[in-house]
Amino acid sequence: MLDIVIDARAAQLGPGFEVARILPYRKRRMVGPFIFLDHAGPVSLSPVISEEMDVLPHPHIGLSTITYIFHGKWMHRDSVGYEQVIKPGDVNWMTAGSGVSHSERFEEEFRRTGGDLELLQAWVALPEEVEESEPTFHHYEQAQLPHDDASGVWLRVIAGEAYGLKSPVQTHSPLFYVHSELAPEARLKLPEGYSERAIYVARGQVELGGQIYKKGQLLVVEAGKDPVITARTPATVMLLGGEPLGKRHIWWNFVSSSKERIEQAKADWESGRIKLPVHDEEEFIPLPGSSKKSDAEPLS
């Protein structure tokens, strides 16, 4: 049933801010157009959260970022001019295209009070014909996203189409991204009609083919198979996949079908040709290996 099982690895976004990194993986770079997946938390943060945990301004090309929060509040600012608080269940969808920078900081009230934090960030690669499009940003409130609840299975379609539901999120290629909460013994079949599919276990344990899988594991489904997972505890799973786009190169925060384009993006960030976010222009993450001063580690 499974092509590969990927165990999350620890990665640092900044001092004291560790995440579980699922994609990319050396033996499986992508699932459909999904080329990156990080899971932060769950963690309980004390009041007055240190600014060292913020993710400073950094650049992207050739991809869309998807920020989805379970707990906490996050502030997005970008070089297009958008400034947006994201709350649990909302979706931030930023398309980098030819080049954008953004920062991801704690929302000020949440910084003062502290509390539980848990979020996922995914990247989807862009089709070649839109890799150099103008950068855009869209925010979708929780209430805008379709959901269903039956037989111990609650689900929300974050992006794409699945289970007869269609998200309003504007995508650039066929894909699906679904958040599901499963009661013990509930069963869930993956969406059909996509070439590549995977299940990420965000909480709890699920069974597939007589094997138990737990938090932090990505189950990449073999082509042509239609597995059904069974929750063995209360479980949170993220379902994702779509149609492959062809080979993509990834270096730091840059994704492209062209190695030369990534080299150009390096030079553009190093020389300041990619603007910094509006209202967040005082600091940034320098290019890895640069001699410029940094207060945080790069994203990847």
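Residues numbered from 1 in each chain as written. Predicted model: local features only at pLDDT ≥ 70, side-chain atom pairs only at ≥ 80, totals over all residues. Heavy atoms only, no water.

J.: What am I meant to see in the side chain of Ser 173 here?
T.: Structurally, the position occupied by Ser 173 is in the loop between strand 15 (165-166) and strand 16 (175-182). Apart from the residues lying within four places of it in its own chain, the contact partners of Ser 173 are Pro 33, Pro 127 and Leu 245. (Helix = DSSP H or I, 4+ residues; strand = E, 2+ residues; numbered from the N terminus. Contact = heavy atoms within 4.5 Å.)

J.: Sorry, what's going on with the pairing of strand 14 (residues 153-162) here?
T.: For a regular strand, the rule is simple: side chains alternate between the two faces of the sheet. Most of strand 14 sits inside the fold, with nine of its 10 residues counted as buried. Where strand 13 (residues 147-150) meets strand 14, four bridges bridge the pair, whose relative direction is antiparallel. Across the sheet, His 147 pairs through a bridge with Arg 156, a residue of strand 14. Relative to strand 16, strand 14 runs antiparallel, the two being bridged by seven bridges. Its bridge partner being in strand 16, Val 157 is matched across the sheet by Val 178. Inspection of the sheet shows strand 14 paired to strand 15 by two bridges, in the antiparallel sense. Pairing of Glu 161 across the sheet is with Lys 166, part of strand 15. Counting the residues in the hairpin turn of strand 14 and strand 15 gives two residues, including Tyr 163, whose phi is positive at 55°. (Buried < 20%, exposed > 50% of the residue type's maximum accessible area, 1.4 Å probe, protein only. Pairing = 2+ DSSP bridges.)

J.: When you look at the UniProt feature "domain: Pirin N-terminal" (unreviewed entry) in the chain in this model, what are you seeing that I'm missing?
T.: What UniProt calls "domain: Pirin N-terminal" (unreviewed entry) maps, in this numbering, to residues 17-124. As annotated, residues 17-124 has a helix share of 6% and a strand share of 60%, and its two end C-alpha atoms lie 23 Å apart. (UniProt positions renumbered as here; feature names shortened; annotations may be inferred.)

J.: How should helix 2 (residues 259-271) be read in this particular structure?
T.: At 3.6 residues per turn, the α-helix brings residues three or four places apart onto the same side. End to end, helix 2 covers 19 Å across 13 residues, agreeing with the expected 18 Å (1.5 Å per residue, within 8%). Those residues of helix 2 not exposed but buried are Arg 261, Ile 262, Ala 265, Lys 266, Asp 268 and Trp 269. Around the axis of helix 2, the buried residues are gathered within 165° of arc, so they sit on the same side. The outward face of helix 2, more than 90 degrees from its buried face, is lined by the exposed residues Lys 259 and Glu 260. On its buried face, helix 2 is in contact with strand 5 (55-60), strand 10 (100-106), strand 24 (249-251) and strand 25 (254-256). Backbone geometry just after helix 2 places Gly 272 at a positive phi near 85°. (Expected span 1.5 Å × (residues − 1). Arc of directions from axis to C-beta.)

J.: What am I meant to see in the packing of aromatic side chains here?
T.: The geometry of an aromatic ring pair comes down to the distance between the two centres and the angle between the two planes. For the structure shown, the criterion picks out 11 aromatic pairs. Between Trp 269 and Phe 284, the aromatic rings sit 5.9 Å apart at their centres with planes inclined by 90°, giving edge-to-face as the arrangement. Within this pair, whereas Trp 269 is found in helix 2, its partner Phe 284 is found in the segment after helix 2, the two being separated by 15 residues in sequence. Phe 284 sits in the partly exposed class, given a relative accessible area of 27%. Put simply, the rings of Trp 74, Phe 106 and Phe 110 touch in pairs and so form one group of aromatic residues. In this structure, Lys 266 is placed above the aromatic ring of Trp 251, and the distance from its NZ or CZ to the ring centre is 4.1 Å. (Phe/Tyr/Trp six-rings, centres within 6.5 Å; stacked < 30°, edge-to-face > 60°. Lys NZ or Arg CZ within 6 Å of the ring centre and 35° of its normal.)

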